[in-house]
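Secondary and tertiary structure notes
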Amino acid sequence: MSPPEPWNVVAQQALLMTLEAGQTTLPALRNGLAHSFPELPADNAERLVAHLVHTGYLSGDAADPMQIGPVAEREFGGGHYRDLMATFSGAALLTARHGAAEIGYLDPAVLAGQGEAIVVLLAGHPWRVREVDWRRRQVWLEPAKGGGQARWTGGGRDMSADLAVSIRNVLTEGGVGGGELSRRARSALDAMRDEMPAADAQVQTTSSGRFRLWRYCGSVANRTHMLARRSVGAHRFDGLGVDFRLDPRLSKGAAEDPASPEELAALGDGIKFLGLLPADIKSRQIKSRLLLDKKRVQGDQSV
(Lines give C-alpha, C1' and ligand atoms only; values in the text may rest on other atoms or scores of the structure.)
Protein backbone atom coordinates (compact mmCIF):
# COMPACT_ATOMS: atom_id res chain seq x y z
CA MET A 1 0.00 0.00 0.00
CA SER A 2 1.36 3.42 -0.94
CA PRO A 3 2.00 5.94 1.87
CA PRO A 4 -0.60 8.69 2.42
CA GLU A 5 -0.34 11.94 0.45
CA PRO A 6 2.88 11.20 -1.47
CA TRP A 7 3.43 14.81 -2.53
CA ASN A 8 7.19 14.41 -2.57
CA VAL A 9 6.78 11.78 -5.29
CA VAL A 10 4.39 14.08 -7.18
CA ALA A 11 7.09 16.78 -7.19
CA GLN A 12 9.70 14.27 -8.35
CA GLN A 13 7.45 13.06 -11.15
CA ALA A 14 6.72 16.63 -12.27
CA LEU A 15 10.45 17.17 -12.74
CA LEU A 16 10.94 13.79 -14.43
CA MET A 17 8.04 14.33 -16.86
CA THR A 18 9.53 17.66 -17.85
CA LEU A 19 13.03 16.23 -18.08
CA GLU A 20 11.87 13.33 -20.28
CA ALA A 21 9.96 15.61 -22.64
CA GLY A 22 12.68 18.24 -22.81
CA GLN A 23 9.93 20.83 -23.06
CA THR A 24 6.25 20.49 -22.25
CA THR A 25 3.24 22.69 -21.66
CA LEU A 26 1.65 23.52 -18.35
CA PRO A 27 -1.68 21.79 -19.26
CA ALA A 28 0.20 18.65 -20.38
CA LEU A 29 2.14 18.54 -17.11
CA ARG A 30 -1.01 19.03 -15.04
CA ASN A 31 -2.83 16.30 -16.99
CA GLY A 32 0.11 13.93 -16.59
CA LEU A 33 0.15 14.39 -12.83
CA ALA A 34 -3.64 14.03 -12.58
CA HIS A 35 -3.44 10.76 -14.53
CA SER A 36 -0.59 9.43 -12.37
CA PHE A 37 -2.11 10.50 -9.02
CA PRO A 38 -5.91 10.47 -9.45
CA GLU A 39 -6.45 10.06 -5.70
CA LEU A 40 -4.84 13.43 -4.86
CA PRO A 41 -6.60 16.83 -5.08
CA ALA A 42 -5.92 18.47 -8.46
CA ASP A 43 -5.77 21.98 -6.97
CA ASN A 44 -2.87 20.98 -4.71
CA ALA A 45 -1.06 19.48 -7.70
CA GLU A 46 -1.45 22.78 -9.52
CA ARG A 47 -0.16 24.66 -6.48
CA LEU A 48 2.81 22.31 -6.35
CA VAL A 49 3.69 22.98 -10.00
CA ALA A 50 3.39 26.72 -9.39
CA HIS A 51 5.70 26.36 -6.38
CA LEU A 52 8.28 24.45 -8.45
CA VAL A 53 8.23 27.28 -10.99
CA HIS A 54 8.46 29.94 -8.27
CA THR A 55 11.44 28.25 -6.61
CA GLY A 56 13.30 27.67 -9.90
CA TYR A 57 12.99 23.88 -10.13
CA LEU A 58 10.86 24.39 -13.25
CA SER A 59 10.91 27.22 -15.75
CA GLY A 60 7.93 28.43 -17.79
CA ASP A 61 4.30 29.43 -17.42
CA ALA A 62 0.95 29.09 -19.19
CA ALA A 63 2.28 30.97 -22.24
CA ASP A 64 5.83 29.56 -22.43
CA PRO A 65 7.01 25.93 -22.65
CA MET A 66 7.84 24.26 -19.33
CA GLN A 67 11.39 22.98 -18.88
CA ILE A 68 13.82 22.05 -16.13
CA GLY A 69 14.75 25.15 -14.13
CA PRO A 70 18.17 26.36 -13.01
CA VAL A 71 17.76 25.17 -9.40
CA ALA A 72 16.93 21.61 -10.51
CA GLU A 73 19.92 21.66 -12.88
CA ARG A 74 22.18 22.78 -10.06
CA GLU A 75 20.89 20.26 -7.50
CA PHE A 76 20.33 17.20 -9.70
CA GLY A 77 22.07 17.75 -13.05
CA GLY A 78 25.66 17.08 -11.98
CA GLY A 79 25.15 13.30 -11.88
CA HIS A 80 23.05 13.26 -15.07
CA TYR A 81 19.93 13.39 -12.86
CA ARG A 82 20.61 9.96 -11.33
CA ASP A 83 19.56 11.15 -7.87
CA LEU A 84 16.33 12.58 -9.26
CA MET A 85 15.46 9.24 -10.87
CA ALA A 86 15.65 7.31 -7.58
CA THR A 87 12.65 7.83 -5.33
CA PHE A 88 14.48 6.58 -2.25
CA SER A 89 17.98 7.34 -1.02
CA GLY A 90 20.44 4.63 -0.12
CA ALA A 91 24.03 4.38 0.98
CA ALA A 92 26.73 4.50 -1.71
CA LEU A 93 27.85 0.89 -1.26
CA LEU A 94 31.33 -0.50 -1.76
CA THR A 95 31.93 -3.62 -3.86
CA ALA A 96 33.70 -6.22 -1.70
CA ARG A 97 36.26 -8.48 -3.44
CA HIS A 98 38.57 -11.34 -2.55
CA GLY A 99 41.03 -11.81 -5.39
CA ALA A 100 38.99 -11.95 -8.60
CA ALA A 101 35.81 -12.99 -6.78
CA GLU A 102 33.08 -10.49 -5.93
CA ILE A 103 31.85 -11.30 -2.41
CA GLY A 104 29.06 -8.75 -2.09
CA TYR A 105 28.55 -5.15 -0.98
CA LEU A 106 29.48 -3.23 2.16
CA ASP A 107 27.99 -0.13 3.70
CA PRO A 108 30.85 2.38 4.25
CA ALA A 109 29.65 2.81 7.86
CA VAL A 110 30.95 -0.64 8.74
CA LEU A 111 34.50 0.58 8.06
CA ALA A 112 34.33 3.39 10.61
CA GLY A 113 35.14 3.36 14.30
CA GLN A 114 36.67 -0.11 14.60
CA GLY A 115 40.39 0.66 14.75
CA GLU A 116 42.95 -0.77 12.36
CA ALA A 117 41.90 -4.44 12.31
CA ILE A 118 38.44 -4.34 10.77
CA VAL A 119 36.64 -7.69 10.49
CA VAL A 120 33.28 -7.85 8.74
CA LEU A 121 30.68 -10.55 8.23
CA LEU A 122 29.69 -10.99 4.59
CA ALA A 123 28.15 -13.91 2.66
CA GLY A 124 28.08 -15.88 5.90
CA HIS A 125 31.84 -15.68 6.50
CA PRO A 126 34.18 -13.38 8.45
CA TRP A 127 36.57 -11.25 6.39
CA ARG A 128 39.42 -8.92 7.32
CA VAL A 129 39.51 -5.64 5.43
CA ARG A 130 42.85 -5.45 3.64
CA GLU A 131 42.48 -2.33 1.49
CA VAL A 132 39.84 0.22 0.51
CA ASP A 133 39.84 1.98 -2.87
CA TRP A 134 37.45 4.87 -2.26
CA ARG A 135 37.85 6.29 -5.76
CA ARG A 136 36.69 3.05 -7.39
CA ARG A 137 34.41 2.24 -4.46
CA GLN A 138 35.95 -1.18 -3.88
CA VAL A 139 37.12 -2.91 -0.71
CA TRP A 140 39.56 -5.84 -0.77
CA LEU A 141 39.07 -8.63 1.76
CA GLU A 142 40.92 -11.68 3.04
CA PRO A 143 39.48 -14.57 5.08
CA ALA A 144 39.47 -14.13 8.86
CA LYS A 145 39.27 -16.81 11.55
CA GLY A 146 36.26 -15.42 13.35
CA GLY A 147 34.33 -12.43 14.59
CA GLY A 148 32.99 -9.74 12.34
CA GLN A 149 29.64 -8.03 12.12
CA ALA A 150 27.09 -7.07 9.49
CA ARG A 151 25.98 -3.47 9.94
CA TRP A 152 23.95 -1.11 7.78
CA THR A 153 22.90 2.49 8.16
CA GLY A 154 19.28 3.59 8.13
CA GLY A 155 16.40 3.20 10.51
CA GLY A 156 13.84 0.46 10.76
CA ARG A 157 10.35 0.79 9.36
CA ASP A 158 7.49 1.91 11.54
CA MET A 159 5.49 -0.91 13.10
CA SER A 160 1.90 -0.97 11.89
CA ALA A 161 -1.00 -1.00 14.32
CA ASP A 162 -2.13 -4.38 12.95
CA LEU A 163 1.27 -5.93 13.69
CA ALA A 164 1.32 -4.48 17.20
CA VAL A 165 -2.16 -5.90 17.92
CA SER A 166 -1.07 -9.28 16.52
CA ILE A 167 1.90 -9.32 18.90
CA ARG A 168 -0.40 -8.61 21.82
CA ASN A 169 -2.74 -11.42 20.69
CA VAL A 170 0.15 -13.90 20.58
CA LEU A 171 1.20 -12.87 24.09
CA THR A 172 -2.37 -13.13 25.35
CA GLU A 173 -3.15 -16.48 23.74
CA GLY A 174 0.27 -18.05 24.23
CA GLY A 175 0.51 -19.36 20.67
CA VAL A 176 0.68 -18.36 17.04
CA GLY A 177 -2.18 -20.44 15.62
CA GLY A 178 -1.86 -22.72 12.62
CA GLY A 179 1.37 -24.30 13.85
CA GLU A 180 3.15 -25.89 16.78
CA LEU A 181 5.96 -24.11 18.58
CA SER A 182 9.14 -25.96 19.42
CA ARG A 183 10.09 -26.38 23.07
CA ARG A 184 12.72 -23.68 22.70
CA ALA A 185 10.26 -21.28 21.04
CA ARG A 186 7.64 -22.03 23.70
CA SER A 187 10.16 -21.25 26.44
CA ALA A 188 11.12 -17.96 24.76
CA LEU A 189 7.47 -16.97 24.34
CA ASP A 190 6.72 -17.75 27.99
CA ALA A 191 9.64 -15.54 29.03
CA MET A 192 8.33 -12.70 26.85
CA ARG A 193 4.85 -13.07 28.34
CA ASP A 194 6.37 -12.64 31.81
CA GLU A 195 8.25 -9.48 30.71
CA MET A 196 5.61 -7.83 28.49
CA PRO A 197 2.16 -7.12 30.00
CA ALA A 198 -0.35 -7.93 27.27
CA ALA A 199 -3.19 -5.74 28.53
CA ASP A 200 -3.55 -2.51 26.55
CA ALA A 201 -2.51 0.73 28.33
CA GLN A 202 -0.81 -1.04 31.22
CA VAL A 203 2.00 0.73 33.09
CA GLN A 204 5.08 -1.24 34.11
CA THR A 205 7.86 -0.01 36.38
CA THR A 206 11.22 -0.88 34.83
CA SER A 207 14.37 -2.03 36.61
CA SER A 208 15.85 1.48 36.32
CA GLY A 209 12.89 3.05 38.12
CA ARG A 210 11.38 4.47 34.94
CA PHE A 211 7.95 3.59 33.54
CA ARG A 212 6.84 1.73 30.41
CA LEU A 213 3.33 2.26 29.04
CA TRP A 214 2.36 -0.79 26.97
CA ARG A 215 -0.14 0.29 24.29
CA TYR A 216 0.22 -2.17 21.35
CA CYS A 217 -1.03 0.36 18.81
CA GLY A 218 1.88 0.85 16.40
CA SER A 219 4.64 3.39 15.82
CA VAL A 220 2.50 6.27 14.51
CA ALA A 221 0.14 6.29 17.49
CA ASN A 222 2.96 5.84 20.01
CA ARG A 223 5.14 8.50 18.38
CA THR A 224 2.23 10.94 18.63
CA HIS A 225 1.48 9.89 22.22
CA MET A 226 5.12 10.47 23.22
CA LEU A 227 5.34 13.90 21.60
CA ALA A 228 2.00 15.01 23.07
CA ARG A 229 3.06 13.96 26.59
CA ARG A 230 6.67 15.09 26.77
CA SER A 231 5.70 17.64 29.43
CA VAL A 232 4.75 14.77 31.74
CA GLY A 233 7.87 12.69 31.17
CA ALA A 234 7.40 10.79 27.90
CA HIS A 235 10.78 10.50 26.15
CA ARG A 236 10.96 7.38 23.95
CA PHE A 237 8.65 5.09 21.97
CA ASP A 238 8.44 2.04 19.75
CA GLY A 239 5.56 0.19 18.10
CA LEU A 240 4.49 -1.46 21.35
CA GLY A 241 4.72 1.29 23.94
CA VAL A 242 6.04 4.58 25.31
CA ASP A 243 8.71 5.11 27.97
CA PHE A 244 8.25 7.75 30.70
CA ARG A 245 10.56 9.30 33.28
CA LEU A 246 7.51 9.93 35.51
CA ASP A 247 4.52 7.72 36.22
CA PRO A 248 2.08 8.50 33.36
CA ARG A 249 -0.90 7.64 35.59
CA LEU A 250 -0.27 10.77 37.66
CA SER A 251 -0.85 13.20 34.79
CA LYS A 252 -2.92 12.64 31.66
CA GLY A 253 -2.66 16.02 29.93
CA ALA A 254 -1.82 16.03 26.22
CA ALA A 255 -0.67 18.82 23.92
CA GLU A 256 -3.10 19.61 21.11
CA ASP A 257 -0.24 19.95 18.59
CA PRO A 258 2.31 17.29 19.57
CA ALA A 259 5.14 18.54 17.33
CA SER A 260 6.54 22.02 16.77
CA PRO A 261 7.44 23.18 13.24
CA GLU A 262 11.10 22.46 14.00
CA GLU A 263 10.28 18.95 15.19
CA LEU A 264 8.12 18.34 12.13
CA ALA A 265 11.06 19.29 9.93
CA ALA A 266 13.28 16.88 11.84
CA LEU A 267 10.72 14.09 11.47
CA GLY A 268 10.70 14.63 7.70
CA ASP A 269 14.48 14.45 7.30
CA GLY A 270 14.35 10.91 5.93
CA ILE A 271 11.69 11.63 3.27
CA LYS A 272 13.35 12.28 -0.07
CA PHE A 273 12.30 15.30 -2.20
CA LEU A 274 10.39 16.83 0.72
CA GLY A 275 12.28 20.08 0.15
CA LEU A 276 10.50 20.52 -3.19
CA LEU A 277 7.14 21.09 -1.50
CA PRO A 278 5.34 24.24 -0.28
CA ALA A 279 5.49 24.54 3.51
CA ASP A 280 1.84 23.65 4.17
CA ILE A 281 1.82 20.59 1.89
CA LYS A 282 5.13 19.47 3.37
CA SER A 283 3.75 19.76 6.91
CA ARG A 284 0.58 17.88 5.99
CA GLN A 285 2.52 15.04 4.39
CA ILE A 286 4.73 14.59 7.44
CA LYS A 287 1.73 14.63 9.79
CA SER A 288 -0.33 12.23 7.67
CA ARG A 289 2.53 9.75 7.44
CA LEU A 290 4.14 9.95 10.88
CA LEU A 291 1.53 11.32 13.33
CA LEU A 292 -2.13 10.91 14.27
CA ASP A 293 -4.42 13.80 13.38
CA LYS A 294 -5.66 16.25 16.03
CA LYS A 295 -9.03 14.57 16.58
CA ARG A 296 -7.42 11.20 17.22
CA VAL A 297 -4.86 12.80 19.55
CA GLN A 298 -7.63 14.44 21.57
CA GLY A 299 -9.55 11.17 21.65
CA ASP A 300 -6.54 9.16 22.81
CA GLN A 301 -6.80 9.41 26.60
CA SER A 302 -5.30 5.98 27.39
CA VAL A 303 -3.18 6.72 30.48
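Below is a short write-up of the structure. By convention here, each chain's residues receive numbers from 1 onward along its written sequence. pLDDT decides what is reported in this predicted model: residues at 70 or higher carry local features, side-chain atom pairs at 80 or more are listed and counted, and totals for whole chains, interfaces and linings draw on all residues regardless. As a rule here, side-chain values come from all non-hydrogen atoms in the structure, and water together with hydrogens is ignored.

Examining helix 1 (residues 7-21)
Taking 1.5 Å per residue as the helical rise, helix 1 with its 15 residues ought to reach 21 Å, and the 21 Å between its terminal C-alpha atoms agrees with that figure. Only protein chains enter the accessibility calculation, which uses a 1.4 Å probe; a residue whose area is less than 20% of its type maximum is buried, one above 50% is exposed, and one in between is partly exposed. Secondary structure elements are taken from DSSP: a helix is a run of H or I of four residues or more, a strand is a run of E of two residues or more, and numbering for both begins at the N terminus. Among all positions of helix 1, only Trp7, Asn8, Val10, Ala11, Gln12, Ala14, Leu15, Leu16 and Thr18 are buried. Gly22 occupies a position one or two residues after helix 1 and carries a positive phi of about 80°. One less than the residue count of a helix, multiplied by 1.5 Å, gives the span that helix is expected to have.

Focus: the sheet that holds strand 3 (residues 94-98)
The pairing of strands in a sheet happens through backbone hydrogen bonds and is either parallel or antiparallel. Taken in spatial order, the five strands line up as 4-3-7-6-5 in an open sheet, and their pairing is mixed. Whereas interior strands pair on both sides, the edge strands pair on one side only; in this sheet they are strand 4 (101-106) and strand 5 (119-122). With strand direction ignored, the average angle separating the axes of adjacent strands in the sheet is 45°. The pairing criterion is simple: DSSP has to find at least two bridges between the two strands. Between N-to-C directions, angles span 0 to 180 degrees; the directions come from axes that are lines fitted to C-alpha atoms, helices contributing only their stretch in contact.

Quick word on the pattern of salt bridges
What counts as a salt bridge is simple: a side-chain nitrogen of Lys or Arg found within 4 Å of a carboxyl oxygen of Asp or Glu. Inspection of every chain in the model, using the stated rule, returns 11 salt bridges. One salt bridge in this structure joins Arg212 and Asp243, with 3.1 Å as the shortest N-O distance. Residue Arg212 is found in strand 9 (residues 211-214), and its partner Asp243 is found in strand 11 (residues 241-244); the two are separated by 31 residues along the sequence. For the pair formed by Arg212 and Asp243, the shared burial category is buried.

Quick word on the packing of helix 1 against helix 2 (residues 26-36)
In contact at an axis separation of 10 Å, helix 1 and helix 2 are set at 130° when each is read in the N-to-C sense. Taken together, the axis directions place helix 1 and helix 2 in an arrangement best described as oblique. In this structure, helix 1 crosses over helix 2, and the sense of that crossing is right-handed. Residue-level contacts link Val10, Gln13, Ala14, Met17 and Thr18 of helix 1 to Leu29, Gly32, Leu33 and Ser36 of helix 2. For this scheme, ten residues count as nonpolar: Ala, Val, Leu, Ile, Met, Phe, Trp, Tyr, Cys and Pro. Four count as charged, namely Asp, Glu, Lys and Arg, and the remainder, Gly too, count as polar. Taken together, the residues of the contact of helix 1 with helix 2 break down into five nonpolar, four polar and no charged. In what follows, roughly perpendicular refers to angles from 65 to 115 degrees, roughly parallel to angles under 35, roughly antiparallel to angles over 145, and oblique to any angle outside these ranges. Should the near helix be turned counterclockwise from the far one by less than a right angle, the crossing is left-handed, whereas a clockwise turn marks it as right-handed. Two residues qualify as a contact provided that any one of their heavy atoms is within 4.5 Å of a heavy atom in the partner residue.

Concerning the side chain of Asp243
On the basis of relative accessible area, Asp243 is assigned to the buried category, the value being 12%. Of the polar contacts made by the side chain of Asp243, one reaches the side chain of Arg212; its length is 3.1 Å. Discounting residues that sit within four places of it in the chain, Asp243 has contacts with Phe211, Arg212, Gly233, Ala234, His235 and Arg236. Under the rule applied, a polar contact is a pair of N or O atoms within 3.5 Å (in protein, one hydrogen donor and one hydrogen acceptor; residues adjacent in sequence only if both atoms are side-chain atoms).

Here we look at the sheet that holds strand 9
Across the sheet, which stays open at both edges, the four strands sit in the order 8-9-11-10 with antiparallel pairing between neighbours. Each edge of the open sheet is held by one strand with a lone partner, namely strand 8 (202-205) and strand 10 (234-237). Averaged over all pairs of adjacent strands, the angle between strand axes in this sheet comes to 25°, irrespective of strand direction. As defined by bridge partners, strand 9 adjoins strand 11 across four bridges and the pair is classed as antiparallel. Across the sheet, Arg212 pairs through a bridge with Asp243, a residue of strand 11. Packing of helix 8 (residues 219-228) onto the sheet brings it into contact with strand 9, strand 10 and strand 11, and relative to strand 10 it is tilted by some 165°.

Section: the environment of Arg245
You can see Arg245 is positioned in the loop between strand 11 and helix 9 (261-267). Exposure remark for Arg245: the relative accessible area of 45% places this residue in the partly exposed category. Linking Arg245 and Val232, residues 13 residues apart in sequence, is a C-alpha distance of 8.1 Å. When near neighbours in sequence (up to four residues on either side) are disregarded, Arg245 contacts Arg210, Phe211, Gly233 and His235.

A look at the pairing of strand 10
Taken together, the three bridges between strand 10 and strand 11 define a ladder with antiparallel strand orientation. Bridging across to strand 11, Phe237 finds its partner in Val242. Here strand 10 folds back onto strand 11, and the loop between the two strands holds three residues.

Some words on the packing of aromatic side chains
Two rings belonging to Phe, Tyr or Trp (six-membered ring only in the last case) form a pair when the distance between their centres is within 6.5 Å. Interplanar angles under 30 degrees mark stacking, angles over 60 mark edge-to-face geometry, and anything in between is tilted. Summed over all chains, the structure comprises two aromatic pairs. A centroid spacing of 6.0 Å and a plane angle of 55° characterise the contact between Phe76 and Phe273, whose relative ring orientation is tilted. Residue Phe76 is found in helix 4 (residues 70-76), and its partner Phe273 is found in the loop between helix 9 and helix 10 (279-290); the two are separated by 197 residues along the sequence. Its relative accessible area of 8% is what places Phe76 among the buried residues.

Points about the nonpolar core
One finds Trp7, Leu15, Leu52, Tyr57, Leu58 and Phe76 to be the most contacted residues of the largest nonpolar core, which totals 44 residues. Elements with a minimum of two residues in this core: helix 1, helix 2, helix 3 (42-54), helix 4, strand 9, helix 8, strand 11 and helix 10. The element contributing the most residues to this core is helix 1, with six residues. Apart from residues lying up to four places away in sequence, Phe76 is in contact with Leu15, Tyr57, Tyr81, Asp83, Leu84 and Phe273. Among the nonpolar cores identified, the runner-up in size contains 10 residues, and Leu106, Leu122, Trp127 and Val139 belong to it. Residues belong to a common nonpolar core when they are buried Ala, Val, Leu, Ile, Met, Phe, Trp, Tyr or Cys residues joined through side-chain atoms within 4.5 Å.

Details of unusual backbone geometry
Outside of glycine, negative phi angles account for most residues, and trans bonds account for most peptide bonds. Of note in this structure, Arg137 is not a glycine but carries a positive phi near 55°. Among the secondary structure elements, Arg137 is positioned in the loop between strand 6 (125-133) and strand 7 (138-143). Even without being glycine, Tyr216 reaches a positive phi, approximately 55°. The exposure class of Tyr216 is buried, given its relative accessible area of 2%.

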